[in-house]
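Summary of the model geometry
Residue strings, one per chain:
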Amino acid sequence: MKLADALCRAVAALEIPHAQSFHGKITISIGLAADVTDHENGGEALLKRADTALYQAKDAGRNRVAAG
């Protein structure tokens, strides 16, 4: 989480203009998930949790980190 937060802040600090962006500049949102995967599902459940977390971060206002 600390690294992901630092990445969000670092990208926002670059202040790269982007007219169509939510904040008017380039930002990133990150969805995190961690687990021990089994070979049966190939990590699909983990990927789905990370994807869900990413959309939670975006829905919360973007330029954020969410864990799922």
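Residues numbered from 1 in each chain as written. Predicted model: local features only at pLDDT ≥ 70, side-chain atom pairs only at ≥ 80, totals over all residues. Heavy atoms only, no water.

1. Remarks on the overall build of the protein
Spelled out, the test is: Per the convention used, a helix needs a DSSP run of H or I reaching at least four residues, while a strand needs a run of E reaching at least two, with both numbered from the N terminus. Here the term buried applies to any residue with accessible area under 20% of the maximum for its type, exposed to any over 50%, and partly exposed to those in between, with areas from a 1.4 Å probe on protein chains only. Any two residues whose heavy atoms approach within 4.5 Å are treated as being in contact. Only the protein chains shown count as cover for residues, and all accessible areas are computed by the Shrake-Rupley method using a 1.4 Å probe.
In terms of helices and strands, the protein carries two helices and two strands. Listed N to C, the secondary structure of the protein is α-β-α-β in terms of helices and strands. Its C-alpha atoms give the protein principal-axis dimensions of roughly 45 × 20 × 15 Å. Within the protein, the proportion of its 68 residues that are buried is 22%. Partitioning the intrachain contacts of the protein with sequence separation of at least 6 by distance along the chain shows that 46% fall at a separation of at least 24. A total accessible area of about 5000 Å² is found for the protein, and carbon and sulfur atoms account for 55% of it.

2. So, helix H2 (residues 44-59)
Put simply, the test is: How far a helix is expected to stretch is found by multiplying one less than its residue total by 1.5 Å. Each C-beta atom gives one direction from the helix axis, and the arc is the one those directions make.
Across its 16 residues, H2 extends 22 Å between first and last C-alpha, which sits within 8% of the 22 Å expected from 1.5 Å per residue. Taken together, the buried positions of H2 are occupied by Ala50, Ala53 and Ala57. What you see down the axis of H2 is that its buried residues fit within an arc of 60°, all on one side. Residues Glu44, Lys48 and Asp59 are exposed on H2 and point more than 90 degrees away from its buried face. In this structure, the buried side of H2 is in contact with strand S1 (30-32) and strand S2 (65-67). Just downstream of H2 lies Gly61, where phi reads positive at about 125°.

3. Section: the pattern of salt bridges
As a reminder of what qualifies: Only one rule defines a salt bridge in this text: a Lys or Arg side-chain nitrogen within 4 Å of an Asp or Glu carboxyl oxygen.
Enumeration over the complete set of coordinates arrives at one salt bridge. Between Asp35 and Arg49 there is a salt bridge whose closest N-O contact spans 3.2 Å. In this pair, Asp35 is assigned in the loop between S1 and H2 and Arg49 in helix H2, connecting sequence segments 14 residues apart. Taking relative accessible area as the criterion, Arg49 reaches 30% and is therefore assigned partly exposed.

4. Considerations on a nonpolar patch on the surface
This is how the line gets drawn: Without a salt bridge and with relative accessible area above 30%, a residue can belong to a patch; like charges are then joined within 9 Å and nonpolar side chains (Val, Leu, Ile, Met, Phe, Trp, Tyr) within 5 Å.
The grouping of Leu14, Ile16 and Ile26 at the surface amounts to a nonpolar patch, some 240 Å² of accessible area in total. By secondary structure assignment, the location of Ile16 is in the loop between helix H1 (2-13) and S1. Relative accessible area serves as the criterion here: at 36%, Ile16 is assigned to the partly exposed category.

5. What to know about H1
When the terminal C-alpha atoms of H1 are compared, their 16 Å separation across 12 residues agrees well with the 16 Å that a helix rising 1.5 Å per residue should span. Buried residues along H1 sit in contact with S1 and S2. Glu15, located one to two residues past H1, shows a positive phi value of around 50°.

Just geometry here; none of it tells us what the structure is for.
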